[in-house]
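# Observations on chain architecture
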Amino acid sequence: MIAENTQIQMRKGILEYCVLSIISRGEIYASDIIAELRSAKLLVVEGTLYPLLTRLKNNGLLSYNWVESTSGPPRKYYTLTEVGKDILSQLDQTWQELAYAVGVSQEGAKS
């Protein structure tokens, strides 16, 4: 139970970073973001993504545009703003630092 709670918190902690990384590759529809997160085992509930996208947009990290769909209503496609790109760059650096720290601490534990 303790490990499971920690695993959940770890996933939540990197979800925003992963969403920004996915969107940084180009304009993307929310269901495609969900599919990528699910394949990476980072997202179980769809309801987790939409509030995050709204918060990121309200904070100026994302923008979106509506694209007509041939199979239903228009779809909202997300892209990173310049601010979002800057934040992602900072998060990339933080990720590298964290990965290094974890690697060092694991090596120390093996000694």
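A short tour of the structure in this document, coming up. (Residues numbered from 1 in each chain as written. Predicted model: local features only at pLDDT ≥ 70, side-chain atom pairs only at ≥ 80, totals over all residues. Heavy atoms only, no water.)

### Side note on the sheet that holds strand S3 (residues 72-80)
- Spatially, the 3 strands line up as an open sheet ordered S1-S3-S2, and their pairing is antiparallel. In this open sheet, the two edge strands, each paired with only one partner strand, are strand S1 (28-29) and strand S2 (62-69). (Pairing = 2+ DSSP bridges. Helix = DSSP H or I, 4+ residues; strand = E, 2+ residues; numbered from the N terminus.)

### Some details on the environment of Leu-91
- By secondary structure assignment, the location of Leu-91 is in helix H4 (residues 82-110).
- Its relative accessible area of 27% is what places Leu-91 among the partly exposed residues.
- The sequence separation of Leu-91 and Tyr-17 amounts to 74 residues, and the corresponding C-alpha distance is 6.7 Å.
- Aside from chain neighbours lying at most four places away, what touches Leu-91 is Tyr-17 and Leu-20. (Buried < 20%, exposed > 50% of the residue type's maximum accessible area, 1.4 Å probe, protein only. Contact = heavy atoms within 4.5 Å.)

### Side note on the packing of helix H1 (residues 2-24) against helix H3 (residues 49-58)
- Following both chains from N to C, one finds H1 and H3 inclined at 75 degrees, their axes separated by 11 Å at the closest point. In terms of orientation, H1 and H3 fall into the roughly perpendicular class. Across the interface between the two elements, Leu-15, Glu-16, Val-19, Leu-20 and Ile-23 from H1 touch Leu-49, Leu-52, Leu-53, Arg-55 and Leu-56 from H3.
- Class assignment of the residues belonging to the contact of H1 with H3 gives a composition of 8 nonpolar, no polar and 2 charged. (Axes fitted to C-alpha atoms, helices over the stretch in contact; angles between N-to-C directions. Parallel < 35°, antiparallel > 145°, perpendicular 65-115°, else oblique. Nonpolar A, V, L, I, M, F, W, Y, C, P; charged D, E, K, R; others polar.)

### Focus on the pairing of S2
- Where S2 and S3 come together, 7 bridges link them in antiparallel fashion. The residue bridging Leu-62 from the neighbouring strand is Leu-80, located in S3.
- Between the antiparallel neighbours S2 and S3 lie 2 residues.

### Observations concerning the packing of aromatic side chains
- Taken as a whole and assessed by the stated rule, the structure comprises 4 aromatic pairs.
- With a centroid separation of 5.5 Å and an interplanar angle of 35 degrees, the aromatic rings of Tyr-29 and Tyr-77 are classed as tilted. Linking Tyr-29 in strand S1 with Tyr-77 in strand S3, this pair joins segments that are 48 residues apart in sequence.
- On the accessibility criterion, Tyr-29 (22% relative accessible area) is partly exposed.
- Grouping aromatic residues by their ring pairs yields a cluster made of Tyr-64, Trp-66 and Tyr-78.
- Above the plane of the ring of Tyr-64 lies Lys-76, whose end atom (NZ or CZ) is 4.2 Å from the centre. (Phe/Tyr/Trp six-rings, centres within 6.5 Å; stacked < 30°, edge-to-face > 60°. Lys NZ or Arg CZ within 6 Å of the ring centre and 35° of its normal.)

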